[in-house]
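Structure assessment
Each chain is listed here by its residues.
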Amino acid sequence: MRPFVYEQPADISAAVATASRFTTNDDQPTRANAQFIAGGTNLADYMKLGVAEPNRLLDLNRLKESGLRQIRVTDDGIRFGALVRMGEAADHRDVTERYPVIADSLRLAASGQIRNMASLAGNILQRTRCEYFRETSWQCNKRVPGSGCAAMEGVNRQHAVLGASDACIATYHGDFAQALIALDAVVHAEGSRGARKMPFAKLHRQPGDTPHIETDLVADEIITAIEVPAIPWARRSLYLKIRDRESYAFALASAAVALDLDGETVREARIALGGVATVPWRASAAEQSLQGKKLDEASAEAAADAAFAQARPRQHNAFKIELGKRTLVRALLETRDMKV
Amino acid sequence: MDAAAPRPKENMGEPLPRVDARLKVTGQAHYPADLPTANIAYGALATSSIAKGKVAKLRLDEARAVPGLLDIVTYGDMDKVDKPKFGNSGATSIGPLHDRTIFHDGQIVALAVAETFEAAEEAARLIRAEYEEEKPTATFDSPGTATIPAAGKSPLFKEDVKAGDFDAAYADAAVKIDQRYSTPTQHHNPIELFSTTAYWEGDQLIVHEPSQNVTGWKVELARQLRIDPAKVRIVSPFIGGAFGSKGPMTPRTAIVAVAAKRLGRPVRCVTSRMQAFGTQTYRAETRHRIRIGAGKDGRITAFAHEGWEVTSRPDAYVVGGTSATGRMYDYGSVLTHVSLVQADRNTPGYMRSPPETPYVYALENAMDEMAVALGMDPVEFRRINEPKAEPIGKKPFSSRSLIQCYDQAAEAFGWADRDPKVGAMRDGDWLVGIGCATAIYPTAVAPCAARVRLTVDGDVRLQCGSHEIGTGVRTVAGQMASERLGVSIEKISVEIGDSSLPPAPVSGGSISTASVCSAVLMACDAIRTKLYAAATAEGGPLAGSHNEEFELAGGKILAKSGASAKVGDVLKAMQVGAIEEYAEFAPKGATPEALKKLYAGTPEFHGGEQDEDSVKYAFGAEFVEVRINRYTREIRVPRIVGAFAAGRIMNTRTARSQLMGGMIWGIGQALHEATEVDRRYARYVNRDLQDYLVPVNADIKDLQVILVPEVDHAVNPAGVKGLGELGNVGTAAAVASAVYHATGRRIRDLPIRIEQLLV
Ligand SMILES: Cc1cc2nc3c(=O)[nH]c(=O)nc-3n(C[C@H](O)[C@H](O)[C@H](O)COP(=O)(O)OP(=O)(O)OC[C@H]3O[C@@H](n4cnc5c(N)ncnc54)[C@H](O)[C@@H]3O)c2cc1C
Ligand code: SF4
């Protein structure tokens, strides 16, 4: 590990000011000299592995703005401060009651220890776990632009079937993000160019030709909050995560589902898919295919087919298409059958 | 009594808590890399990123510029020491710094030594190798493999066992199967990382390293360094998981010793989790073809087991599980053949039940298929083929309680309630399956020395160069002394894990409890003899009662007549402060050189299939229930029961722990564990615990271990069969059997994963 400077800015504007002093607007946040750190469960890991090499860490944990650590429920929805820990949000009563899909997505992620450390903003910005990305002796376009992609023809059981490009097929592994994208969440950020908010769906970028560009953020921008609109029928929602073992594993396939039902007929469906795509993945075609339909096994299967119509398998991950579909079918039927 | 401490049945010792439990759970146990060492410098390895070729050039300038860097040990710096040897004490014959040839992925190219761990790591990372790269051969089916017969390549695997005329019997069999099975690459991944700390006091070398074989390492390291073994000391008081990985010494040890010498300072090198995949041993992938023929009555008439195992180019590591599978049942005729497949890989090595895990998996999966082909209950099928003598040499089993194990496990599991029809058992959206399999492990024992001292105050000091790899040897050795000397366990201190102690064999092959306890028993009995002689001598406290049988209990000698004498008083009468005995135990059938070999670190193993009078094995039966979701097909194991018989059980708590750990590992082998090899580059891909999956707590629900009483005096004086490697044998086959029962899909390639059940 290389030596680095560690700082604890006192408030958001100080953090932004320091960040903008040591970065430029062209810097990718994950490649910049100065980077923010929250729980450190992702960044410190990648620094040890030589994947991330900031020479200045700006620790956000001492920022004095208390909203960063609060979960607030208003008429408009629910607002999560960026530094709220995963574990706290997962257990919060308003979350478990009003947005079960969010609570599930957090509860089924990582381990108890990590959930107690990791922040919500850090969680949504977590970087891929692609084995070839994590180990610096491999070719990887995301880590070293233009160097090639060792996963493409390598061991790619974990990799994405949706949203992949010829440059990169790395999966976005986070769970929470699937609930957020399904519920039309909004991200608040503050940087040297001011404060802004953007739809959560705009935060992550598909790899395309530039897999090293992972998000829409610039290097001095801090995520301050995540807002989820009030959706009364989101009480009928869940997150189903399928994995190789019962706990402490990333999804092979997952589905975040929320349903507005009129009897058994779908008024509105929200669907996002995890473990199968390069970015948090809203399955709009599947949502549309269900609208106005009676939700049964057949319509659920049709929706699943629609969700994976564009899927492109590689050598070891073809099963994710079938698994992803079945995961969605099961999630839809289980959501339908929820007692709310 | 709680489940962790089962009530002892016949021929079982008390479930004493581990004597080192408190140290371990309070963080006071010093593992080798924790041992306080003054003025230490840190080492970090630089390893190759190719699997085959040559290091044309090593650029060290960037590494040298790292502040705090002290030294770099690399090519040329090991010329005055000898290359490692492959064998029981040596993991590989590859001397990575003796030669610029790269034999495998992750081969050591240099050791950077610095003032801090961080600086050493950074320097190691900045060592830039330029290669002359060649196309490597990764594994089975890769171009460039060489296949050779295994028989005779290892002293432990002399021949391919056979009996009768397999071809004729198979041709005539009414019911037969011919199937292929495979097991993946696996790495031990003990939680304690691999490490070496070395320092010199004058010409004396001290090494702190987690080791299952301190005596063997002392001798092998001295050979490499061209010094007298008396000048080398290996210290390894606690080991945080070994499973065979810390049995043979790897080339790192000598490199760190050389670094410490050059620097004149202690050097500690802890390898990273990732580096361990290439610098340590592992279980290589295996393939199997099994043919079984039987009559309609279910009696097997023909059994053939062919195995293929990957090994490195330079070293012929043999697994060779056919010597156990070939003797498992009453087959009629047996044909076996094992081949080694050489590839550009690091040398594999021992990993918990090395031969039995893959080979018995294949056999038991095939037995289950055969039971299906016969339309027979799988337990009944095994009962019908229970042998009177083993089929190869027709020798009797010293004891064999397999059927008792099946009966007790079946009863506890509720096997009788199973609906044998495939897919018949359901619970809502979950398909339920139930399966079973046999566990077997050879019972061996090796020479061992121990020193026991009993003081006038009734304190006992027990010294033996064995190893605490988590099995609880400190506790059971102390328990043996406690039983024989009538002293409570609190009064006994046990010193192990140091090559300056009386030598013990490698802690492998499940021989430790039997070997160590036999030596401790001998030493204690010698003390008893002296005590009795003194007590009954003229003027002694029990003078005149020398024809009596004595007991030692509560610090007293008790005569049958009711007379008694305090042990302390006997010692006082002898005018000594302590009695100390040094015992050298050699098993029955040991060669005249057996003890010499013990001191040389190359102990003979006896037992298993090798003895003249009988074959010696421990057995068990495991039953599992699986649940598989109807849509998404994830596989869970809510319930597992294992019943095991292993001669005298020294301590039911530590025995249960071992067996439980084995069964959990077995579930991992069935469903989780596999090292992925990138076939293009012959490199390991999932080199950390994020992607190398093992079961977590949530995967293990209802687990029951049944200890089946068994008495066997033929195995060794302690009457103990090893059980450290018994629990994980067969488990994966039981899971495969249950998956078949639930789904009708026979999975023959481990691990069993979702994708195999989706199609
Ligand atoms: C073993 C293991 C298993 C895991 N399993 C799962 C799982 O099953 N599901 C799952 O979803 N996740 C899983 N994770 C990932 C884990 O959830 C993330 O590591 C964690 O959420 C990251 O949060 P953090 O606060 O520690 O982020 P950090 O490591 O501190 O930061 C991560 C990134 O976010 C940036 N960042 C952090 N906060 C801000 C901010 N406010 N504004 C701008 N940038 C910011 C950092 O610069 C960095 O690039 C696992 C992690 C581990 C180590
Ligand atoms: S998939 Fe993406 S992250 Fe993985 S090696 Fe290829 S480019 Fe790198």
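Residues numbered from 1 in each chain as written. Chains lettered and ligands numbered in written order. Predicted model: local features only at pLDDT ≥ 70, side-chain atom pairs only at ≥ 80, totals over all residues. Heavy atoms only, no water.

**A look at the overall build of chain B**
The test is simple: Numbering of helices and strands runs from the N terminus; a helix is a DSSP stretch of H or I covering at least four residues, while a strand is a stretch of E covering at least two. Between buried and exposed lies partly exposed: a residue is buried under 20% and exposed over 50% of the maximum accessible area for its type, with that area taken using a 1.4 Å probe on protein chains only. By definition in these notes, contact holds between two residues if any of their heavy atoms fall within 4.5 Å. Note that His is not counted, nor are the chain ends; the positive residues are Lys and Arg, and the negative ones are Asp and Glu. Throughout, a charge is located at the NZ atom of Lys, the CZ atom of Arg, the CG atom of Asp or the CD atom of Glu.
What chain B contains, in helices and strands, is 18 helices and 32 strands. Counting only C-alpha atoms and orienting by the principal axes, one finds that chain B spans roughly 85 × 75 × 50 Å. Counting every position in chain B, which comprises 759 residues, the buried fraction comes to 64%. Pairs at least 24 residues apart make up 80% of the contacts formed inside chain B by residues separated by at least 6 positions. Each charge class in chain B was averaged separately, 87 positive and 92 negative side chains, and the resulting centres sit 2 Å apart.

**Observations regarding the site of ligand 1**
Residues and elements named next belong to chain A. What counts is decided by this rule: If a single non-hydrogen atom of a residue is within 4 Å of a molecule or strand, that residue counts as near it. Each polar contact in these results corresponds to two N or O atoms within 3.5 Å; when the atoms are within protein, one needs to be able to donate a hydrogen and the other to accept it, and residues that are neighboring in sequence are counted only if both atoms are side-chain atoms. Under the convention used here, a 1.4 Å probe and the Shrake-Rupley method define accessible areas, while residue burial counts only the protein chains that appear. Just so you know the grouping, Ala, Val, Leu, Ile, Met, Phe, Trp, Tyr, Cys and Pro go in nonpolar, Asp, Glu, Lys and Arg go in charged, and all remaining residues, Gly too, go in polar.
In the vicinity of ligand 1, 31 residues are found, and the nearest of them are Phe36, Gly40, Thr41, Ser119 and Asp175. Contacts to ligand 1 include Gly39, whose backbone N or O atom sits 2.8 Å from an oxygen atom. Within the side chain of Lys241, one N or O atom sits 2.9 Å away from an oxygen atom of ligand 1. The protein chains hide 94% of the 980 Å² of surface that ligand 1 would expose on its own. Broken down by element, the shell around ligand 1 gets its largest block of residues, three residues, from helix H7 (residues 120-124). Considered class by class, the residues forming the shell around ligand 1 number 18 nonpolar, nine polar and four charged.

**Overview of the domain arrangement of chain A**
Stated precisely, the cut-off is as follows: Just so you know, the domain bounds were taken from an automatic or database domain assignment.
Assigned domains of chain A: these are domain 1 (5-58) and domain 2 (237-336). Between the C-alpha centres of domain 1 of chain A and domain 2 of chain A there is a distance of 35 Å.

**Some points on the nonpolar core**
Which entries qualify depends on this criterion: For this analysis, a nonpolar core means a set of buried residues of the types Ala, Val, Leu, Ile, Met, Phe, Trp, Tyr and Cys, connected via side-chain atoms within 4.5 Å.
Core analysis: the largest hydrophobic core is formed by 91 residues, its most contacted members being Ile292, Phe623, Val626, Val739 and Ile752 of chain B. When residues in this core are grouped by element, the largest group, nine residues, is from helix H9 (residues 356-374) of chain B. With near-sequence residues (within four places) excluded, Phe623 of chain B lies in contact with Val379, Tyr406, Ala409, Ala410, Phe413, Trp415, Gly435, Cys436, Arg639, Ile640 and Val641 of chain B. Phe36, Ile71, Tyr172 and Ala256 of chain A belong to the second-largest nonpolar core, a separate cluster that totals 58 residues.

**A few points about the site of ligand 2**
If you check the shell around ligand 2, you find 14 residues, and the closest are Cys130, Cys140, Cys149, Cys168 and Ile169 of chain A. Within the shell around ligand 2, the residues separate by chemical class into ten nonpolar, three polar and one charged.

**Examining the domain arrangement of chain B**
Residue and element names in this part refer to chain B. Heads up, the rule is: Buried area adds together the accessible area that both of two parts lose upon being put together, with accessible area traced by a 1.4 Å probe. In the sections that follow, a salt bridge refers to a side-chain nitrogen of Lys or Arg positioned within 4 Å of a carboxyl oxygen of Asp or Glu.
On domain assignment, one finds that chain B holds domain 1 (147-186 + 283-444 + 611-757) and domain 2 (446-604). The gap between the C-alpha centroids of domain 1 and domain 2 is 38 Å. Summed over both partners, the interface of domain 1 with domain 2 comes to about 1,400 Å²; 57% of that surface belongs to carbon and sulfur atoms. Interface area lost by domain 1 to domain 2 is led by Ala444, Met650 and Pro717, which between them contribute 36%. Counting across the domain 1 and domain 2 interface gives two salt bridges. The salt bridge involving Glu483 is made with Arg648; its shortest N-O contact spans 3.3 Å. For the interface between domain 1 and domain 2, the tally reads six residue pairs in polar contact (both at pLDDT 80 or more).

**Topic: the interface of chain A and chain B**
Listed by partner, the interface residues are 37 residues for chain A and 39 residues for chain B. Together chain A and chain B conceal approximately 3,300 Å² of surface at their shared face, both sides included; 53% is due to carbon and sulfur atoms. When residues of chain A are sorted by the area they lose upon contact with chain B, Trp138, Arg245 and Arg326 of chain A head the list and together hold 20% of the total. Inspection of the chain A/chain B interface yields seven salt bridges. One salt bridge in this structure joins Arg687 of chain B and Glu135 of chain A, with 2.4 Å as the shortest N-O distance. Inspection of the chain A/chain B interface yields 22 residue pairs in polar contact (both at pLDDT 80 or more). Within the residue set of the side of chain A that touches chain B, elements represented by two or more residues are helix H8 (131-134) and helix H12 (319-336) of chain A. For the side of chain A that touches chain B, the residue count by class is 14 nonpolar, seven polar and 16 charged.

**Some points on helix H13 (residues 512-536) of chain B**
Heads up, the rule is: A helix is expected to span 1.5 Å multiplied by its residue count minus one.
If you check H13 of chain B, its first and last C-alpha atoms are 35 Å apart, about what 25 residues at 1.5 Å a residue would give, namely 36 Å. Buried residues dominate H13 of chain B, accounting for 18 of its 25 residues.

**Describing the packing of aromatic side chains**
Selection criterion: Here is the rule: rings of Phe, Tyr and Trp (six-membered ring for Trp) pair when centre to centre is within 6.5 Å. Planes less than 30 degrees apart are stacked, more than 60 are edge-to-face, and the remainder are tilted.
Per the stated rule, a full pass over the model turns up 21 aromatic pairs over all chains. Ring centres 5.6 Å apart and planes at 70° place the aromatic pair Trp138 of chain A and Tyr681 of chain B in the edge-to-face group. Placement of the pair is Trp138 of chain A in the loop between H8 and helix H9 (176-182) and Tyr681 of chain B in the loop between strand S30 (677-678) and strand S31 (683-684), with the two residues belonging to separate chains. Residue classification places Trp138 of chain A among the buried positions, given a relative accessible area of 6%. Under the relative-accessibility criterion, Tyr681 of chain B is labelled partly exposed at 28%.

**So, the sheet that holds strand S12 (residues 232-235) of chain B**
All names here are of chain B. Here is the rule we go by: Strand pairing requires that DSSP identify at least two bridges connecting the strands. In this description, a line fitted to the C-alpha atoms serves as the axis of each element, helices being fitted only across the stretch in contact, and the angle between N-to-C directions of two axes falls anywhere from 0 to 180 degrees.
Taken together, seven strands build an open sheet; the order of strands is S3-S5-S1-S13-S10-S11-S12 and the sheet is mixed. Looking at which strands have only one partner, the edges of the open sheet turn out to be strand S3 (69-73) and S12. Averaged over neighbouring strand pairs, the angle between their axes works out to 20° when direction is ignored. Alignment of S3 against strand S5 (residues 108-114), held across four bridges, turns out to be antiparallel. When the bridges of S5 are listed, Asp71 appears paired with Val113. Seen against the sheet, helix H3 (residues 117-126) touches strand S1 (41-47), S3, S5 and strand S13 (267-270) and runs at an angle of roughly 20° to S1.

**Thoughts on helix H6 (residues 252-263) of chain B**
Residue and element names in this part refer to chain B. Spanning twelve residues, H6 covers 16 Å between terminal C-alpha atoms, matching the ideal 16 Å at 1.5 Å per step. By the criterion of burial, H6 is predominantly enclosed, with nine of the twelve residues buried. For H6, the set of buried residues is Arg252, Thr253, Ala254, Ile255, Val256, Ala257, Val258, Ala259 and Ala260. Of the residues one or two after H6, Gly264 is the one with positive phi, at around 65°.

**Some details on the packing of helix H16 (residues 652-671) of chain B against helix H17 (residues 731-743) of chain B**
All names here are of chain B. The criterion, for reference: Between 65 and 115 degrees an angle is taken as roughly perpendicular, under 35 as roughly parallel, over 145 as roughly antiparallel, and anywhere else as oblique. For any helix crossing, the convention is left-handed if the near helix is rotated counterclockwise from the far helix by under a right angle, and right-handed if that rotation is clockwise.
Interaxial distance between H16 and H17 falls to 7 Å at its minimum, and their mutual angle equals 55°. For the element pair H16 / H17, the angle class is oblique. Considering only the axes of H16 and H17, their crossing is right-handed. Where H16 abuts H17, its residues Gly662, Met663, Gly666, Ile667, Ala670 and Leu671 lie against Thr731, Ala732 and Val735.

**A closer look at the sheet that holds strand S23 (residues 550-553) of chain B**
The strands that make up a sheet are held in pairs by hydrogen bonds between backbone atoms, and each pair lies either parallel or antiparallel. Residue and element names in this part refer to chain B. Here we have three strands laid out as an open sheet, ordered S23-S24-S25, and antiparallel in their pairing. The sheet terminates laterally at S23 and strand S25 (564-566), the two strands that pair on one side only. Geometrically, the sheet is characterised by an average inter-axis angle of 20° between neighbouring strands, direction not taken into account. Taken together, the three bridges between strand S24 (residues 556-559) and S25 define a ladder with antiparallel strand orientation. Residue Ile557 lies in a different strand from S25, and its bridge partner there is Ala565.

**Quick look at the side chain of Arg687 of chain B**
In this structure, Arg687 of chain B sits in the loop between S31 and strand S32 (702-707). Using a relative accessible area of 8% as the deciding quantity, one classes Arg687 of chain B as buried. There is a polar contact of 2.4 Å between the side chain of Arg687 of chain B and the side chain of Glu135 of chain A. Once residues lying within four places of it in the same chain are set aside, the contact partners of Arg687 of chain B are Glu135 of chain A together with Asp105, Arg273, Met274 and Phe277 of chain B.

**Let's talk about the confidence of the model for chain B**
Using the following cut-off: For every residue, the predictor reports its confidence as pLDDT, a number between 0 and 100.
In the predicted model, chain B carries a mean pLDDT of 96, and the fraction of residues at 70 or more is 100%. Scoring of the predicted complex yields 0.97 for pTM and 0.96 for ipTM.

**Section: the pattern of salt bridges**
If you walk through the whole model with that rule in mind, you get 87 salt bridges over all chains. Notably, a salt bridge pairs Asp184 of chain A with Arg270 of chain A, separated by 3.5 Å at the nearest N-O pair. Placement of the pair is Asp184 of chain A in the loop between H9 and strand S6 (186-191) and Arg270 of chain A in strand S11 (residues 265-274), with a sequence separation of 86 residues. With relative accessibility at 8%, the residue Arg270 of chain A sits in the buried group. Where Lys530 of chain B meets Glu581 of chain B, a salt bridge forms, and the shortest distance between an N and an O atom there is 2.7 Å. With a gap of 51 residues between them, Lys530 of chain B in helix H13 and Glu581 of chain B in strand S26 (residues 578-585) connect regions that are remote in the sequence. For Lys530 of chain B, a relative accessible area of 40% translates into the label partly exposed. Assessed through its relative accessible area of 14%, Glu581 of chain B is described here as buried.

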